[in-house]
Amino acid sequence: MEALLALEDGTWFRGIAAGAEGEACGEVVFNTSMTGYQEVLTDPSYAGQIVTMTCPEIGNYGVSPHDVESRAPQVAGFIIRDASPVASNWRAESTLHEYLVANRIVAIADIDTRALTRRLRSGGVMRGVIATGDGLDAGALVARAHAIPPMEGSDLVSGVTSDAVFDWPPEDPGEFGVPPERRARRRLKIAAYDFGMKWNILRRLSAHGCDVRVYPATTPASDLLATSPDGIFLSNGPGDPAPLTYAIANAETLVASNVPVFGICLGHQVLGLAMGGKTFKLKFGHRGANHPVKQLETGKIEITSQNHGFAVDPKSLPDDVEVTHVNLYDGTVEGLRHRSHPVFCVQYHPEASPGPHDADYLFDDFLELIERG
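Predicted model only: the values in this text are computed from it and were never measured.

Asker: How should I be thinking about the layout of surface pockets in this particular structure?
Answerer: Empty space among the atoms becomes apparent when a probe as large as a water molecule is rolled across them. Taken as a whole, the largest pocket encloses approximately 340 Å³ of empty space. In terms of lining residues, the largest pocket is bounded by 20 residues, among which Glu 297, Arg 337, Phe 344, Leu 362 and Asp 365 are the most central. Elements with a minimum of two residues in the lining of the largest pocket: β17 (321–327), β18 (333–338), β19 (343–346) and α9 (361–372). When residues in the lining of the largest pocket are grouped by element, the largest group, six residues, is from α9.

Encoded structure:
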């Protein structure tokens, strides 16, 4: 079946349908990961976005229920160059095409993803539409792309956060990923805000010796603090942090509480705003598993997994907030630490999935921050 991708700047690409029939609308972005397409599909940080995979062949190792990062795929749509028709992997239980159809994800294949990515890098991410069927009108789809609400100013967290409080079950430290180098001296009680949390964050916290209770994004900070947690975690999530006034107000309360706080990705941006900074939208964001980050204190370089379209403005930060990590591609802020409160955060994903394990030490730092206090 024919499919068409149209961008708001008037560019359009003709290809073939690679998933469910229908139409998908969202912000078109690109991810440079070589593997991990199922983790990308199920990452809630991609809510409202149509994801382009720059790796030319996608789907060759199929789909496994053990590789999901949330309850279901979260992307608005999916774009690939070559869709593998077979799944060559003993763990696979279905092909990528079957998975996309079963989960009603509209996808397009057989287009020049290199040309698309170059356009997004040059012009910035754009709103776009994927449609399937016969007799598609490119001009009408371009006009439809123009009508999509912009990412800026939209609260996308409310659509992906959990409906109720839940506890993550303890897991074998070596069952998922590498065994941690350090475990807590006792089981620690962690309260975690779910802004669109990936499950591997919960797996890694559990593997490091933590019992995690997860709270919906709008839960008052007083509810978390009333449980006397050893530490508080702010998760990743989609979209613009600025309109999340409830999350920012809660983070301000948490910073002042002197309970150790660790945030990543959107949680990092929310903490940056709560500590007095400002955020801005990146031209095309950071999405992939190969982003180099420099730790300023040691000079150490980490290769990191990232997925975000906004960043904290370093010039807006007050004197009591220190920049700890920077991105070596564009110099943007990748880590912050409060000088007088036990609060730190990073822009990238230390739990990876997909990606390298270079940043897993940050969970160790969280444990040390708690146990020092």
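There is more to say, and it comes next.
Asker: Even after reading the chapter, I still don't get empty space enclosed by the protein, so can you show me in this structure?
Answerer: Applying the stated criterion across every chain, the model contains two cavities of 30 Å³ or more. The space that makes up the largest cavity amounts to roughly 140 Å³. When contributions to the lining of the largest cavity are tallied by element, the ones reaching two or more residues are α8 (266–274), β15 (278–295) and β16 (301–313). Per element, the largest residue contribution to the lining of the largest cavity is five residues, and it comes from β15.

Asker: Just to check I follow, could you spell out the nonpolar core for this structure?
Answerer: Generally speaking, soluble globular proteins have nonpolar side chains that are buried together. Phe 195, Ile 232, Leu 234, Val 270, Leu 271 and Leu 336 are the most contacted members of the largest nonpolar core, which totals 31 residues. Elements represented by at least two residues in this core include exactly β11 (188–194), α6 (221–225), β13 (231–234), α7 (245–257), α8, β18 and β19. Among residues more than four places away in sequence, those in contact with Phe 195 are Val 157, Val 160, Ala 217, Leu 234, Ser 235, Asn 236, Gly 237, Pro 238, Ala 247, Leu 266 and Gly 267. Formed by 28 residues, the second largest nonpolar core is a distinct cluster that contains Ile 190, Val 346, Tyr 361 and Phe 366.

Asker: What should I look at first to understand the sheet that holds strand β9 (residues 126–132) in this one?
Answerer: Strand order in this closed barrel of seven strands is β1-β2-β8-β6-β4-β3-β9, and the pairing throughout is mixed. Recorded for the sheet is a direction-independent mean angle of 35° between the axes of neighbouring strands. Note that strand β3 (residues 23–31) and strand β4 (residues 49–53) share five bridges and pair parallel. For Val 29, the partnering residue across the bridge sits in β4 and is Val 51.

Asker: Quick question: what am I supposed to make of the environment of Met 151 here?
Answerer: Mapped onto the secondary structure, Met 151 falls in the loop between α4 (138–146) and β10 (166–167). Sequence separation between Met 151 and Arg 127 is 24 residues; the distance between their C-alpha atoms is 8.9 Å. Beyond its immediate stretch of four places on either side in the chain, Met 151 contacts Glu 27, Ala 47, Gly 48, Gln 49, Leu 156, Gly 239, Asp 240, Lys 281 and Phe 310.

Asker: Looking at this structure, how should I read the pairing of β18?
Answerer: If a strand is regular, its side chains alternate between the two faces of the sheet. The buried fraction of β18 amounts to five of the six residues, a majority that puts the element mostly inside the structure. The pairing of β17 with β18 spans five bridges and is antiparallel. Paired with Val 323 across the two strands is Leu 336, which belongs to β18. In this antiparallel pair of consecutive strands, β17 and β18, the connection spans five residues, and Gly 331 shows a positive phi of 75°. Relative to β19, β18 is paired through three bridges, and the arrangement is antiparallel. Bridging across to β19, Arg 337 finds its partner in Phe 344. Here β18 folds back onto β19 in antiparallel fashion, the turn holding four residues.

Asker: When you look at the packing of α7 against α8 in this model, what are you seeing that I'm missing?
Answerer: Any two packed helices are characterised by how steeply their axes cross, that is the angle between the axes, and by the distance between the axes. Running from amino to carboxyl end, α7 crosses α8 at an angle of 70°, the nearest separation of the two axes being 8 Å. With respect to their mutual orientation, α7 and α8 come out roughly perpendicular. Side by side, α7 and α8 meet where Ala 247, Ile 248, Ala 251, Glu 252 and Val 255 of the first sit next to Val 270, Leu 271, Leu 273 and Ala 274 of the second. Each residue belonging to the contact of α7 with α8 can be placed in one class, and the counts come to eight nonpolar, no polar and one charged.

Each value, and the rule that gives it
Residues numbered from 1 in each chain as written. Predicted model: local features only at pLDDT ≥ 70, side-chain atom pairs only at ≥ 80, totals over all residues. Heavy atoms only, no water. 1 Å grid on protein atoms, 1.4 Å probe; cavity = no way out; pocket = protein on both sides within 12 Å on 5 of 7 lines; lining within 4 Å. Points joined across faces, edges and corners; volume = space filled by probe spheres on them. Helix = DSSP H or I, 4+ residues; strand = E, 2+ residues; numbered from the N terminus. Core = buried A, V, L, I, M, F, W, Y, C linked by side-chain atoms within 4.5 Å. Buried < 20%, exposed > 50% of the residue type's maximum accessible area, 1.4 Å probe, protein only. Contact = heavy atoms within 4.5 Å. Pairing = 2+ DSSP bridges. Axes fitted to C-alpha atoms, helices over the stretch in contact; angles between N-to-C directions. Parallel < 35°, antiparallel > 145°, perpendicular 65-115°, else oblique. Nonpolar A, V, L, I, M, F, W, Y, C, P; charged D, E, K, R; others polar.

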